[in-house]
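# Understanding the architecture of this molecule
Residue-level listing of the chains:
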Amino acid sequence: MLTLLLILLPIVAGVITLLVGANLAKQVALVGALAELGLAFFVWSQFDPSAGVQFGFKYHWLASAGISFAAGLDGISFVLVLLTAFLTPLIILSTFGHTYKNSAAFYSLILFMSAALVGVFTATDAFLFYLFFEAALIPVYFLAAVWGGENRLKVTFKFFIYTMFGSLFMLVALIYLYYQTPGTHTSEITAFYNLQLSAKSQGFIFWAFFVAFAIKMPLFPFHTWQPDTYTEAPTPATMLLSGIMLKMGVYGLIRLLLPIVPLGLQSYGMLAVILSVIGIIYGSIIAIQQRDMKRLIAYSSFAHVGLMAAGVFAASTNGLQGAIIQMLAHGINVVGLFFVIDIILSRTKTRSLDQLGGITQVAPQLSVYFLIILLGSVALPLTNGFVGEFLLLSSVFAFNSWLGAIAGLTIILGSVYMLRLFQMSMFGPKSKWVEGFQDLTFSEKAVLLPLVIMVFWIGIYPNTFLTISEPAVSHLLQLVGR
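Residues numbered from 1 in each chain as written. Predicted model: local features only at pLDDT ≥ 70, side-chain atom pairs only at ≥ 80, totals over all residues. Heavy atoms only, no water.

Right, let's get into the overall build of the protein chain. Check the secondary structure of the protein chain and you find 22 helices and 2 strands. Along the first, second and third principal axes, the C-alpha atoms of the protein chain reach 70 × 55 × 45 Å. Per-residue burial for the protein chain yields a buried fraction of 62% across its 482 residues. Within the protein chain, residue pairs in contact and separated by at least 24 positions form 82% of the contacts whose partners lie at least 6 positions apart. Carbon and sulfur atoms make up 68% of the accessible area of the protein chain, which totals about 17400 Å². (Helix = DSSP H or I, 4+ residues; strand = E, 2+ residues; numbered from the N terminus. Buried < 20%, exposed > 50% of the residue type's maximum accessible area, 1.4 Å probe, protein only. Contact = heavy atoms within 4.5 Å. Areas by Shrake-Rupley, 256 points an atom, 1.4 Å probe, with all protein chains shown as cover.)

Bringing helix 6 (residues 137–147) into the picture now. For helix 6, the complete set of buried residues consists of Leu-137, Pro-139, Val-140, Leu-143, Ala-144, Ala-145 and Trp-147. Considering only its buried residues, helix 6 is in contact with helix 4 (103–122), helix 5 (126–135), helix 7 (152–180), helix 9 (199–216) and helix 11 (235–245).

The computed volume of the largest pocket comes to approximately 400 Å³. Taken together, 25 residues form the lining of the largest pocket, with Val-53, Asp-74, Thr-190, Tyr-193 and Arg-255 sitting closest to its centre. Among the elements of the structure, strand 2 (67–73), helix 3 (75–93), helix 4, helix 8 (189–193), helix 12 (247–260) and helix 22 (463–480) are those that each provide at least two residues to the lining of the largest pocket. The element contributing the most residues to the lining of the largest pocket is helix 22, with 5 residues. Of the residues belonging to the lining of the largest pocket, the class tally is 13 nonpolar, 8 polar and 4 charged. (1 Å grid on protein atoms, 1.4 Å probe; cavity = no way out; pocket = protein on both sides within 12 Å on 5 of 7 lines; lining within 4 Å. Points joined across faces, edges and corners; volume = space filled by probe spheres on them. Nonpolar A, V, L, I, M, F, W, Y, C, P; charged D, E, K, R; others polar.)

Moving on, we come to unusual backbone geometry. Here the bond from Met-217 into Pro-218 is cis, since omega is 0°, no more than 30 degrees from zero. Relative to the assigned elements, Pro-218 resides in the loop between helix 9 and helix 10 (225–232). Phi at Phe-55 takes a positive value of approximately 55°, unusual for a residue other than glycine. The residue Phe-55 is located in strand 1 (residues 54–62) in this model.

Moving on to empty space enclosed by the protein. Taken as a whole and judged by the stated rule, the model has 2 cavities of 30 Å³ or more. Its boundaries defined by the atoms lining it, the largest cavity holds a volume of some 80 Å³. Forming the boundary of the largest cavity are 13 residues, of which His-304, His-330, Asn-333, Val-334 and Ser-377 lie nearest the centre. Listed by contribution, the elements that provide at least two residues to the lining of the largest cavity are helix 14 (293–314), helix 15 (317–348) and helix 17 (364–377). Looking at which element gives the most residues to the lining of the largest cavity, the answer is helix 15, with 6 residues. Residue classes in the lining of the largest cavity are distributed as 4 nonpolar, 9 polar and no charged. Reported here for the second largest cavity is a volume of approximately 50 Å³. If you go around the second largest cavity, the residues you meet are His-304, Ser-377, Val-378, Glu-389, Thr-410, Ile-411, Gly-414, Tyr-417 and Met-418.

Another aspect to go through is the nonpolar core. Core analysis: the biggest nonpolar cluster contains 185 residues, and Met-170, Phe-209, Phe-313 and Leu-366 have the highest contact counts within it. Counting residues per element, this core draws most heavily on helix 15, at 16 residues. Non-local contacts of Met-170, meaning those with residues more than four positions away in its chain, are made with Phe-129, Tyr-130, Phe-133, Ala-208, Phe-209, Ala-212, Phe-213 and Leu-256. (Core = buried A, V, L, I, M, F, W, Y, C linked by side-chain atoms within 4.5 Å.)

Looking now at the environment of Ala-315. By the element assignment, Ala-315 lies in the loop between helix 14 and helix 15. Once residues lying within four places of it in the same chain are set aside, the contact partners of Ala-315 are Leu-265, Leu-477 and Val-480.

Once that is clear, we can look at the pattern of salt bridges. Per the counting criterion, the structure on display carries 5 salt bridges. Of the charged contacts, one joins Asp-74 and Arg-255 as a salt bridge, the two residues approaching to 2.8 Å between their closest N and O atoms. Here the residue Asp-74 occupies a position in the loop between strand 2 and helix 3, and Arg-255 occupies one in helix 12, the gap between them amounting to 181 residues. Of the two residues examined, Asp-74 and Arg-255, each falls in the buried class. One salt bridge connects Asp-292 with Arg-351, and the closest N-O pair in it is separated by 3.0 Å. Taken together, the residues span a long stretch of sequence, with Asp-292 in the loop between helix 13 (262–289) and helix 14 and Arg-351 in the loop between helix 15 and helix 16 (359–362) at a distance of 59 residues. The class for Asp-292 is partly exposed, based on a relative accessible area of 21%. Given a relative accessible area of 18%, Arg-351 falls into the buried group. (Salt bridge = Lys/Arg side-chain N within 4 Å of Asp/Glu carboxyl O.)

Of all 11 residues in helix 11, 11 are buried, a share of seventy percent or more. Considered for burial, the residues of helix 11 that qualify are Thr-235, Pro-236, Ala-237, Thr-238, Met-239, Leu-240, Leu-241, Ser-242, Gly-243, Ile-244 and Met-245.

Turning next to the UniProt feature "domain: NADH:ubiquinone oxidoreductase chain 4 N-terminal" (unreviewed entry) in the protein chain. Mapped onto this numbering, the UniProt entry gives "domain: NADH:ubiquinone oxidoreductase chain 4 N-terminal" (unreviewed entry) at residues 61–118. Segment residues 61–118 splits into 60% helix and 16% strand. End C-alpha atoms: 19 Å apart. (UniProt positions renumbered as here; feature names shortened; annotations may be inferred.)

Let us now look at the side chain of Ser-301. Within the fold, Ser-301 resides in helix 14. Beyond its immediate sequence surroundings of up to four residues, Ser-301 is in contact with Gln-226, Tyr-230, Ser-242, Leu-246, His-330 and Val-334.

Turning next to the packing of helix 3 against helix 22. Between two packed helices, both the angle of their axes relative to each other and the distance between the axes serve to describe the pair. One way to put it is that helix 3 packs onto helix 22 with a least axis distance of 7 Å and a crossing angle of 145°. Seen from helix 3, the contacting residues are Gly-75, Ile-76, Phe-78, Val-79 and Leu-82; seen from helix 22, they are Phe-465, Ile-468, Ser-469, Ala-472, Val-473 and Leu-476. Of the residues that constitute the contact of helix 3 with helix 22, the class distribution is 9 nonpolar, 2 polar and no charged. (Axes fitted to C-alpha atoms, helices over the stretch in contact; angles between N-to-C directions.)

A few words on the environment of Leu-257. Examined against the element boundaries, Leu-257 turns out to sit in helix 12. Of the residues examined, Leu-257 reaches a relative accessible area of 0% and is grouped as buried. Along the backbone, Leu-257 and Val-120 are 137 residues apart, and their C-alpha atoms lie at a distance of 15 Å. Setting aside anything within four residues of it in sequence, one finds Leu-257 in contact with Phe-206, Phe-209, Phe-210, Gly-252 and Phe-313.

Following both chains from N to C, one finds helix 4 and helix 11 inclined at 5°, their axes separated by 11 Å at the closest point. The angle between helix 4 and helix 11 falls in the class roughly parallel. Where helix 4 abuts helix 11, its residues Phe-106, Ile-110, Met-113, Leu-117 and Phe-121 lie against Pro-236, Leu-240, Ile-244 and Met-245. The residue makeup of the contact of helix 4 with helix 11, split by class, is 9 nonpolar, no polar and no charged. (Parallel < 35°, antiparallel > 145°, perpendicular 65-115°, else oblique.)

Set out below in structure tokens:
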């Protein structure tokens, strides 16, 4: 039942936020998000990583068809529920320096999206997984379309069409798998794990899942919606997209693709890793060329998710554990980076690196927070990015040494575009755009401080989270190797 509460609490908080009106919307939304975080911590105190799926519920949805509302927590899903619960109140708090029209609707959509994301990460029924997978799309669509930038409608329409198109492939695959279950058909994900599908069938299912999840993350060459959407969406929506929503794609690879179609992985895993590595290099090179700070981080995120996917397709303990810990680290870092960019934009009215410079002279506190989060993103040892990146690169190198060596260029390329970002915006002579630049406010520090703490916590004590997911990863790899 605790899993049901984790899903319902943000929905209830979102409804209350919608009803209280604009004056109290952000405060009520923050209280609701903090309550969800408190509930997640309580669940953590009761969670046993070695016990399999826990705190579950199952209610008949279409009983005659064997389809249920069923969800629960194992080590893999719980890490991502913790990430969602941790980032959502920080994303809401990050908006306290802004005023949004129809703010009650704005904050309720953030909470509804949080609920859908928790639903995706906890669903144990395949069609419920699909329902939440699509439901998470709706709030972010409206957040971007209503509160986005000048080209928001065109960009949001492209995003919606892309992701809906990919989800249709997944739906077809799930329907096929459903009809392969023996006797009275069922849509339980564990039943799909036990299917004995032919290599040909597994090949088709592999590509159906791959396209659906590759668009969501995104992976090369399904990424063209991402930079525009990240740039045009309001910063809280961009934080949700990059910090949490893209993890649905990586999670889908781990939860559905690997254990259901191991023969498909054997046949096409190499090609999937190659596409992922291409995305790492391509995204990094494009990021180096960017002048818009937000667009630079968008391509950086694209490169990072390519490494996560490569580790997943390598199908090893290091690869999956690296992907899980890197999802945590990337979510923390990218939310911090987008928030810093939003602070700079709110004070200077520009995101162009050509117009910035000298901010560190007038905002030393912002400079320190920015630098720490940035160093986490470039995987400096003892920061959160190092742990995941080391595990991921070692898994890709074990899979194929040449691909591992190419993927390892992310260390160099990432340092180039991130340090260039910091140098051009923070150092050098003070530009006219930063005249009167104010250092961090209390609410801004309240957002950045927890992120910085997590940069070091994960970097120094990674076993805090690796031990949560390790038994579930071991069980999943047994299914892959069957």
